[in-house]
Amino acid sequence: MASPSLLAAAERLAVLLSAGPVAPLADPEGSDLELAAEVELRPLARRAAPPEVWAVDGGQAVVADARCVQVAVTRAARVRFVGGEAVTEEEGDLRAWLLGSGEERVAALSLGLGVSPDAAVDLNLLRDCEEWKAVGRSVAEATPGAMVLVDGDLRPDLRVPVAEVAAIVAEAESRGVTVAAVTKHSSLSRGGAPLLGQLELEAAATLGERAMWWAPVGRTRASLGLDVMVLAARLDPDARFAFRVDLPAAADPEPVLGALSALCDDAAFPGYPYPLSVADRLAACPSWARHDVRLDLDDHLDLAGVPIEVRERAFADRHALMERA
């Protein structure tokens, strides 16, 4: 029998999910956005793919966790497609970090990207910094007419100074390179309900089940110093999902989205840019990678004279062990 609290939660959730198209938009994770009063769905036509595409994604994992201190790794993967063929695949070097017990201050000093030495440091910030440094390298190496894709949005972790991101976007614009960000799991909402799910149902009803479409959703506040438009788009007729797409405000959204859609016809996951899928796979830190890093860490601790019983007692997860007993 369901608990009273679950019933209450379900009833409230039902109200939120039933919010109609007149409900206000919101983004709990994006206070820098000015959201549209209404969302207008527009048909989208596929265009030719960009001649050159870079895609960047970041990964992270905790290798050893003593709660008071952790060893974590991050990396940023890059891929480059030319004429539809992958010519570069870089999984990115695993970079190790020590977090906790004040060690974050050391990490903060080495992050670059203008991150304040006093900033709180966690894995999200570490991953985003690696990712945006890779975005900067990709923009610098891309040829005019290329597109650089980023996993996430164009306003990364708030601890990364806006000026750093704006400088990368401005350099791309000056070189004729388009930067576009695609968010797989958006917090955008309307009336408290997930916005993209609502738009997918509305578009199917008004434009057709297989229609590709896009809609302006919002824009960053003028005072931010980073002019970005936020869009929603369904990028393939077979796509199950639409995604949030961020573009520089100077971009012409329809042709850019039309070109982006040409990268989204992969049979495995239609509607999501295939180069980003490749970058996502490369950036992942699977269990075998964490295991290999842990073995290397143990080798280094051996050389440093730390007895194995000290390591085991430091990193043993007592809660997990108790649950397995």
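Because the structure is predicted, anything quoted here is derived from the model rather than measured.

**Points about the overall build of the protein chain**
Move 1: Counting its secondary structure elements, the protein chain contains 10 helices and 14 strands.
Move 2: The C-alpha atoms of the protein chain give 22 Å as radius of gyration, which agrees with the globular expectation for 325 residues (20 Å, within 12%).
Move 3: In terms of its C-alpha atoms, the protein chain occupies a principal-axis envelope of roughly 65 × 60 × 40 Å.
Move 4: Counting across all 325 residues of the protein chain, residues that qualify as buried make up 46%.

**A closer look at the sheet that holds strand β1 (residues 25-26)**
Move 1: Read from one edge of the open sheet, three strands run β1-β10-β11, paired in antiparallel fashion. Looking at which strands have only one partner, the edges of the open sheet turn out to be β1 and β11 (193-194).
Move 2: Bridge count for strand β10 (residues 189-190) against β11 is two bridges, and the pairing is antiparallel. Each residue of the ladder has a partner; that of Arg190, found in β11, is Ala193.

**Regarding the pairing of strand β12 (residues 213-220)**
Move 1: Of all eight residues in β12, six are buried; the element is thus mostly enclosed.
Move 2: Both strand β3 (residues 42-43) and β12 contribute to a ladder of two bridges, which runs antiparallel. In the sheet register, Arg42 faces β12, and the bridge partner there is Trp214.
Move 3: Both β12 and strand β13 (residues 228-234) contribute to a ladder of six bridges, which runs antiparallel. Residue Trp213 lies in a different strand from β13, and its bridge partner there is Arg234.

**Brief notes about the pattern of salt bridges**
Move 1: Throughout the structure, instances matching the rule amount to 23 salt bridges.
Move 2: In this structure, the salt-bridge partner of Asp151 is Lys184, at a minimum N-O distance of 2.6 Å. One end of the pair, Asp151, is in strand β8 (residues 147-151); the other, Lys184, is in the loop between β9 (178-183) and β10, and 33 residues separate them in sequence.
Move 3: A salt bridge links Arg311 to Asp302; the nearest nitrogen and oxygen atoms lie 3.0 Å apart.
Move 4: In this structure Asp302 comes out as partly exposed when scored by relative accessible area, which is 47%.
Move 5: Via salt bridges that share partners, Arg294, Asp298, Asp302 and Arg311 belong to a single interconnected network.

**Details of the packing of aromatic side chains**
Move 1: Under the definition given, this model contains four aromatic pairs.
Move 2: A centroid spacing of 6.0 Å and a plane angle of 25 degrees characterise the contact between Phe269 and Tyr272, whose relative ring orientation is stacked.
Move 3: When its relative accessible area of 34% is taken as the criterion, Phe269 is described as partly exposed.
Move 4: These aromatic residues form a ring-pair network of at least three members: Phe243, Phe269 and Tyr272.

**Observations regarding the packing of helix α3 (residues 123-141) against helix α4 (residues 162-174)**
Move 1: The contact between α3 and α4 brings their axes to 9 Å, and the two run at 20 degrees. Here α3 is positioned roughly parallel relative to α4, judged by the angle of their axes. In this structure, α3 meets α4 at a crossing whose hand is left-handed. In this structure, α3 uses Trp132, Val135, Gly136, Val139 and Ala140 to contact α4, whose residues at the interface are Val165, Ile168, Glu171 and Ala172.
Move 2: Within the contact of α3 with α4, the residues separate by chemical class into seven nonpolar, one polar and one charged.

**Quick word on α4**
Move 1: For α4, spanning 13 residues, the distance from its first C-alpha to its last is 18 Å, which sits close to the expected 18 Å at 1.5 Å a residue.
Move 2: Tucked into the core, α4 has its buried residues touching α3, β9 and β14 (243-248).
Move 3: One or two positions beyond α4, positive phi appears at Gly176, with a value near 75 degrees.

**Structural notes on unusual backbone geometry**
Move 1: Within the chain, Arg67 stands out as a residue other than glycine whose phi angle is a positive 65 degrees.
Move 2: By secondary structure assignment, the location of Arg67 is in the loop between β4 (52-65) and β5 (70-82).
Move 3: Overall, Arg67 belongs to the exposed group, its relative accessible area being 69%.
Move 4: In this structure, Leu113 takes a positive phi of about 55 degrees despite not being glycine.
Move 5: Along the chain, the position of Leu113 falls in the loop between α2 (104-109) and α3.

Rules used throughout
- Residues numbered from 1 in each chain as written.
- Predicted model: local features only at pLDDT ≥ 70, side-chain atom pairs only at ≥ 80, totals over all residues.
- Heavy atoms only, no water.
- Helix = DSSP H or I, 4+ residues; strand = E, 2+ residues; numbered from the N terminus.
- Rg over C-alpha atoms; globule rule 2.2 N^0.38 Å.
- Buried < 20%, exposed > 50% of the residue type's maximum accessible area, 1.4 Å probe, protein only.
- Pairing = 2+ DSSP bridges.
- Salt bridge = Lys/Arg side-chain N within 4 Å of Asp/Glu carboxyl O.
- Phe/Tyr/Trp six-rings, centres within 6.5 Å; stacked < 30°, edge-to-face > 60°.
- Axes fitted to C-alpha atoms, helices over the stretch in contact; angles between N-to-C directions.
- Parallel < 35°, antiparallel > 145°, perpendicular 65-115°, else oblique.
- Left-handed = near helix turned anticlockwise from the far one by under 90°.
- Contact = heavy atoms within 4.5 Å.
- Nonpolar A, V, L, I, M, F, W, Y, C, P; charged D, E, K, R; others polar.
- Expected span 1.5 Å × (residues − 1).

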